[in-house]
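Summary of structural features
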Amino acid sequence: MSAQTQIRRKTVKDIAKAKGGDPLVCLTAYDATVAELLDPYCDILLVGDSVGMVVHGLPSTVGVTMEMMILHGQAVMRGASKAFVVVDMPFGSYETNSDQAFLNAARLMQETGCQAVKIESGAYAATQIRHLVERGIPVMGHVGLRPQAINVDGGFRAKGRSQDEWNKAIAEAVAADEAGAFAIVVEGVAPDLADEITNRVSCPTIGIGASANCDGQILVTNDMLGMTDWVPKFVKKNADLKSAIENAAETYASEVKSRTFPGDAQTYKLRKTAKS
Ligand code: KIV
């Protein structure tokens, strides 16, 4: 590709500019093939730690490791050329202190080439966010339902049902914003709360199970593609890939068993040449 036809990758400035403007289109991606397919349509591709549940079959995101995030981050970076790529910091990689957070965030950026990291930002994490941003690492926050905290929450539960939870979600978002987060994911809260957060913070909010008034939306791609029967209430399936894959596998199995596959079109026709 010549320098002139090279596609410019979005930057953190492009994302920040979207506050109050056209909604940011964001999806998760975990591999190069899907990243390449989604890239033309997305402002942000998130290598979410949901990869642990969606790809590796883990019961939650708590078991996700740095190595998993690096492997999938590298794959997505190979597939995406235009979208701004964010990699999740896994549980246990940033909570201890700012030094731990910096070393792991720097490793994610150096080994994957991603543009930013995401931290599930409880109030304490504002210290880590400020530390990373001051040292050159753009950080996306994540408030409301925080999947890495399911063991204290007792499951995946929507947030903001009590006044305390409502205030906590706002305080966490404001703390992340003031610490320098360039965007904040707002997950699993009622639209009123998401709207209040969007109005209170200066950076774009990215909703998931939140409000159409957020500055952008994100979904787990496998949910949006309908790869499983069950999806959370806030997902709209735009495809039924589960049925498509099952039907294709069934056709393949029956053609293998009936010896109709491979057919003429799938076999090589090599002419024998006389040996010299
Ligand atoms: O891990 C993930 O995929 C996420 C998104 C759902 C926001 O954090």
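Given the structure is predicted, the values throughout are model-derived calculations rather than measurements. (Residues numbered from 1 in each chain as written. Predicted model: local features only at pLDDT ≥ 70, side-chain atom pairs only at ≥ 80, totals over all residues. Heavy atoms only, no water.)

**Thoughts on the packing of helix 8 (residues 163-178) against helix 9 (residues 191-200)**
In contact at an axis separation of 10 Å, helix 8 and helix 9 are set at 25° when each is read in the N-to-C sense. The angle between helix 8 and helix 9 falls in the class roughly parallel. Handedness of the helix 8/helix 9 crossing: right-handed. Across the interface between the two elements, Trp166, Ala169, Ile170, Ala173, Val174 and Asp177 from helix 8 touch Asp192, Leu193, Glu196, Ile197 and Arg200 from helix 9. (Axes fitted to C-alpha atoms, helices over the stretch in contact; angles between N-to-C directions. Helix = DSSP H or I, 4+ residues; strand = E, 2+ residues; numbered from the N terminus. Parallel < 35°, antiparallel > 145°, perpendicular 65-115°, else oblique. Left-handed = near helix turned anticlockwise from the far one by under 90°. Contact = heavy atoms within 4.5 Å.)

**Examining the sheet that holds strand 3 (residues 84-88)**
Spatially, 1-2-3-4-5-6-7-8 is the arrangement adopted by the eight strands of the closed barrel, whose pairing is parallel. Between one strand axis and the next, the sheet turns by 25° as a mean value, whatever way the strands run. Both strand 1 (residues 24-28) and strand 2 (residues 44-47) contribute to a ladder of three bridges, which runs parallel. Residue pairing in the sheet places Leu27 in a bridge with Leu45 of strand 2. On top of the sheet, helix 4 (residues 66-79) reaches strand 2 and strand 3; it is set at about 170° to strand 3, its chief contact. (Pairing = 2+ DSSP bridges.)

**Focus on unusual backbone geometry**
In most cases, non-glycine residues show a negative phi, while peptide bonds are predominantly trans. Put simply, Phe261 and Pro262 share a cis peptide bond, and its omega is 0°. Tracing the backbone shows Pro262 in the segment after helix 11 (241-257). The phi dihedral of Arg259 falls on the positive side, at around 55°, and the residue is not glycine. Within the secondary structure layout, Arg259 lies in the segment after helix 11. Judged by relative accessible area, which is 75%, Arg259 ranks as exposed. (Buried < 20%, exposed > 50% of the residue type's maximum accessible area, 1.4 Å probe, protein only.)

**As for the site of the ligand**
As a matter of local geometry, the ligand sits amid Thr28, Leu46, Gly48, Asp49, Ser50, Asp88, Lys118, His142, Val185, Ile208, Ile218 and Val220. Within the side chain of Asp88, a nitrogen or oxygen atom sits 3.2 Å from an oxygen atom of the ligand. Between Lys118 and the ligand, the recorded distance is 2.9 Å, taken from a side-chain N or O atom to an oxygen atom. Considered on its own, the ligand offers 260 Å² of accessible surface; in the complex 96% of this is hidden by protein. For the ligand, the cavity whose grid points lie within 2 Å of the majority of its atoms is the largest pocket. Considering only residue class, the shell around the ligand consists of five nonpolar, four polar and three charged. (Near = heavy atom within 4 Å. Polar contact = N/O pair within 3.5 Å; in protein donor to acceptor, adjacent residues only side chain to side chain. Areas by Shrake-Rupley, 256 points an atom, 1.4 Å probe, with all protein chains shown as cover. 1 Å grid on protein atoms, 1.4 Å probe; cavity = no way out; pocket = protein on both sides within 12 Å on 5 of 7 lines; lining within 4 Å. Sits in = over half its atoms within 2 Å of the grid points. Nonpolar A, V, L, I, M, F, W, Y, C, P; charged D, E, K, R; others polar.)

Geometry only, nothing functional implied.
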